[in-house]
Amino acid sequence: MMKNIYYLIWVDSIVGFRKHNPTRDDWKFTVFVTNTMCNALNVFTIDVLLNLCGVKISPVKIDIIPIPMLNSFLGFVINYAWIFILLNYFLIFRKDRYEELIKKYPNKNGKLAMIYGLCSALVGYIFMMLYGILG
């Protein structure tokens, strides 16, 4: 039976984080934000790749706060993260669905989640630099 990689990563993230941080009460928020940002970075990377191939997708520009870095962050959330905020909440955390997923999916004590997070961050960083240079 084929396992869903999305759920495998989530289960590994949750189990690994809770194992290595047993006293943290904020684990849900921390794992949610970390995985959501990795998902958003992956979509950003695809967007930059499409731009490099000549397919222009116009991201929403935010200019409502007098702090440019905060405007950029809000733009990133609006353009790339909002869909994962919704998906991750409804598919993982709503009605504590993660408990059912933990029983169903195996985990690697955080190793799979760590590889996913590091690859997402590294590739996202490289493509942010490319975007800054070429954009």
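Could you clarify how one ought to interpret helix α3 (residues 68-93) in this entry?
For an α-helix the count is 3.6 residues per turn, leaving residues at separations of three or four pointing the same way. Its 26 residues give α3 an end-to-end C-alpha distance of only 32 Å, which falls more than 12% under 38 Å, the value for a rise of 1.5 Å per residue. Its axis deflected by about 65° at A81, α3 carries its strongest bend there. What α3 keeps buried is the set N71, G75, F76, Y80, A81, F84, N88, I92 and F93. The positive-phi residue at the C-terminal boundary of α3 is K95, with phi of around 55°.

What am I meant to see in the nonpolar core here?
One broad rule of soluble globular proteins: the nonpolar side chains tend to lie buried together. Counting residues in each nonpolar core, the largest one holds 15 residues, and the members touching the most others are W10, I14, W27, I92 and F93. Broken down by secondary-structure element, the contributors of at least two residues to this core are α1 (5-20), α2 (27-52), α3 and α4 (97-104). Element by element, the count of residues in this core is highest for α1, at 7 residues. Those residues in contact with F93, other than ones at most four positions away along the chain, are W10, W27, K28, F32, N88 and Y98. Judged by nonpolar contacts, the second largest core, of 8 residues, contains A40, L41, F44 and Y80.

How should I be thinking about the side chain of S120 in this particular structure?
Along the chain, S120 falls in helix α5 (residues 111-134). For S120, the side chain forms a polar contact with the side chain of N42, separated by 3.2 Å.

It is not clear to me how the packing of aromatic side chains should be interpreted in this structure. Could you clarify?
Working definition: an aromatic ring pair is given by the centre-to-centre distance plus the angle between the planes. All chains considered together, the criterion is met by 11 aromatic pairs. Geometrically, the ring pair formed by F76 and Y80 is tilted, given 5.5 Å between the ring centres and 45° between the ring planes. Here Y80 and F76 lie together in helix α3, a separation of 4 residues that amounts to about one turn. Taking the relative accessible area as the measure of exposure, Y80 reaches 8% and is therefore buried. Plain terms: the ring middles of Y89 and F90 are 5.0 Å apart, the flat faces sit at 75° to each other, and that makes the pair edge-to-face. The exposure class assigned to Y89 is partly exposed, which follows from its relative accessible area of 39%. Just above the ring of W27 sits the side chain of R18; from NZ or CZ to the centre is 4.5 Å.

Rules of the game
- Residue positions are given per chain, counted from 1 along the sequence in the order it is written.
- Owing to the predicted nature of the model, reporting of local features is limited to residues with pLDDT of at least 70; listing and counting of side-chain atom pairs is limited to 80 or more, with chain, interface and lining totals taken over all residues.
- Excluding hydrogens and water, the side-chain figures rest on all heavy atoms present in the structure.
- Helix and strand labels come from DSSP, where a helix needs a run of H or I of at least four residues and a strand needs a run of E of at least two; each type is numbered from the N terminus.
- Expected helix span is given by 1.5 Å per residue-to-residue step, counting one fewer step than there are residues.
- Bend, at a single residue, is the angle you get between axes fitted to the 7 residues ending at that residue and the 7 residues starting at it.
- The rule is simple: take the accessible area with a 1.4 Å probe, protein chains only, and divide by the maximum for that residue type; under 20% is buried, over 50% is exposed, in between is partly exposed.
- Definition used in this section: a nonpolar core is a set of buried Ala, Val, Leu, Ile, Met, Phe, Trp, Tyr and Cys residues joined via side-chain atoms within 4.5 Å.
- Contact criterion: two residues are considered in contact whenever any of their non-hydrogen atoms come within 4.5 Å of each other.
- As used in this structure description, the phrase polar contact means that two N or O atoms lie within 3.5 Å; if the pair is within protein, one of them must be able to donate a hydrogen and the other to accept it, and residues adjacent in sequence are counted only when both atoms belong to side chains.
- The rule is short: rings of Phe, Tyr and Trp, with Trp giving its six-membered ring, pair when the centres are within 6.5 Å, and they are stacked under 30 degrees, edge-to-face over 60, tilted in between.
- Lysine NZ or arginine CZ positioned within 6 Å of the ring centre and within 35 degrees of the ring normal marks a charge as sitting over the ring.

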